[in-house]
Amino acid sequence: MKEKILVTRKVFPAVIERLREHFDVETNDGDQIYTRGELEVRMPGKVGALVSATESIDAPLLRHCTSLRAVANLAVGYNNLDLAALSTAKVIATNTPDVLTESTADFGWALLMATARRTGEAERWLRLGLWEKWALDLFLGVDVHGTTLGVLGMGRIGRAVARRAGGFGMSVLYHDRAPVDAARELGARYCGKDELLRAADHLIITMPYSAQAHHTIGRRELALMKRSATLVNISRGGLVDEEALADALAEGRLAGAGLDVFEQEPLVCSRLLASQKVVATPHIASASEKTRMAMANLAADNLIAALGYGAHAGRPPSVLNPQVLDTA
Ligand code: DGY
């Protein structure tokens, strides 16, 4: 008899078929987001779970999941997983790095360009039938080429964003916990966070979220930024204090914000939603057909290998707590 796994969200049929070669798979074809109570009912008896950023896996939930041996996150960000609790429970945790880096960086640029050149606002206006004549001062934005890009978080995605800046003749500054060797090849200069905020014409957030990083961009940080600057967030909503951002935009202390992520998804702070200076998208930075398929396949590869099946049995490609593998 096959071992049982749970797939908590709707996933491409071809990937489910791959999982079915090894497991008895419980799917969620209706794609509703399971409540904590539903997870407590569905997870027990399962040896593995393929989850998304919409499910939190923590110690209280794990107490109900005594058969669980692996959790594969269908996302590179894993702030929804309590890694310490998973490791204590000897549950292997994995994520989906690399496969989404380039698509996510592309999208960061899409948001940056749209925010700086006000494309969302201009398109809404045009569609309302308000365009009567060309005008010299119609939707004046801020330039992207030849300006300074600030990258907050120089991981894989930050580096892919920085690499693209060369084509726009931009200078790149970045901040991270420490200088990153690979950034030097890109011509990016390391600096302190406050210097980054003061100097950036366009700031893009590509750092991971953790409780310590909550509101990394708050009132104090926004006050350091140029009035003509734009802010783009393609990481996690909790990194930015949304009320402080709404104030800065309303008071003309920031030119615009491009936001793919929000503090309480799928809810969007009503003041940001109402602001014409905000370009808002529903957490789709990695959402090209090819990349989302690659993410789903990598999550499946991870789960199959973590549970001891397939060609890479026992060696999941992207494990977050390798110490659990060593003690298994
Ligand atoms: C990720 O991979 O972390 C994306 O944000 C999707 O959740």
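With 16 residues, helix α5 (residues 101-116) should reach 22 Å at 1.5 Å per residue; the first-to-last C-alpha distance of 23 Å fits that figure. Taking burial as the measure, the 16 residues of α5 include 12 buried ones, the bulk of the element. Along α5, the residues that are buried comprise T101, S103, T104, A105, F107, G108, W109, L111, L112, A114, T115 and A116. Backbone geometry just after α5 places R118 at a positive phi near 60°.

With respect to the helices and strands, R189 occurs in strand β8 (residues 188-190). By relative accessible area, R189 is classed as partly exposed at 44%. Among the polar contacts listed, one links the side chain of R189 to the side chain of E195, at a separation of 2.8 Å.

The local shell around the ligand consists of A53, A75, V76, G77, L100, R236, H283 and M295. Contacts to the ligand include R236, whose side-chain N or O atom sits 2.8 Å from an oxygen atom. Take H283: an N or O atom from its side chain is 2.6 Å from an oxygen atom of the ligand. Burial of the ligand by the protein amounts to 86% of the accessible area it has alone, namely 230 Å².

Reading across from one edge, β2-β1-β3-β4-β5 is the order of the 5 strands in this open sheet, with parallel pairing throughout. Two strands bound the open sheet, and with one partner strand each, they are β2 (23-26) and β5 (92-94). Here the strands of the sheet are splayed against their neighbours by 15° on average, with no regard to which way each runs. In terms of strand pairing, strand β1 (residues 3-7) meets strand β3 (residues 48-51) through 3 bridges, oriented parallel. Note that in β3 the partner of I5 across the bridge is G48.

Okay, the domain arrangement of the protein chain next. Taken domain by domain, the protein chain consists of domain 1 (4-97 + 289-327) and domain 2 (101-280). Between domain 1 and domain 2, the residue contacts involve 6 residues of the former and 4 residues of the latter. When domain 1 packs against domain 2, the two sides together hide about 450 Å² of surface, and 51% of this comes from carbon and sulfur. Sorting the residues of domain 1 by area buried against domain 2 places N79, P97 and T291 first, and these three jointly supply 72% of that buried surface. Between domain 1 and domain 2 we count 2 residue pairs in polar contact (both at pLDDT 80 or more) in total.

The subject of this paragraph is the pairing of β1. Pairing geometry for β1 and β2, over 4 bridges, is parallel. Its bridge partner being in β2, E3 is matched across the sheet by F23. As a crossover connection, the stretch from β1 through helix α1 (residues 13-20) into β2 is right-handed.

Further remarks concern the packing of aromatic side chains. One pass over the structure, following the stated rule, counts 4 aromatic pairs. With centroids separated by 4.9 Å and ring planes inclined at 10°, the aromatic side chains of W109 and F168 adopt a geometry described as stacked. Here W109, found in helix α5, pairs with F168, found in the loop between α7 (156-165) and β7 (171-175); they are 59 residues apart in sequence, far enough to count as distant. The class for W109 is buried, based on a relative accessible area of 6%. With a centroid separation of 5.4 Å and 70° between ring planes, the pair formed by Y174 and Y190 is classed as edge-to-face.

Definitions and limits used
- Residues numbered from 1 in each chain as written.
- Predicted model: local features only at pLDDT ≥ 70, side-chain atom pairs only at ≥ 80, totals over all residues.
- Heavy atoms only, no water.
- Helix = DSSP H or I, 4+ residues; strand = E, 2+ residues; numbered from the N terminus.
- Expected span 1.5 Å × (residues − 1).
- Buried < 20%, exposed > 50% of the residue type's maximum accessible area, 1.4 Å probe, protein only.
- Polar contact = N/O pair within 3.5 Å; in protein donor to acceptor, adjacent residues only side chain to side chain.
- Near = heavy atom within 4 Å.
- Areas by Shrake-Rupley, 256 points an atom, 1.4 Å probe, with all protein chains shown as cover.
- Pairing = 2+ DSSP bridges.
- Axes fitted to C-alpha atoms, helices over the stretch in contact; angles between N-to-C directions.
- Domains from an automatic or database assignment.
- Contact = heavy atoms within 4.5 Å.
- Buried area = accessible area lost by both parts, 1.4 Å probe.
- Right-handed = clockwise from strand over helix to strand, strands pointing away.
- Phe/Tyr/Trp six-rings, centres within 6.5 Å; stacked < 30°, edge-to-face > 60°.

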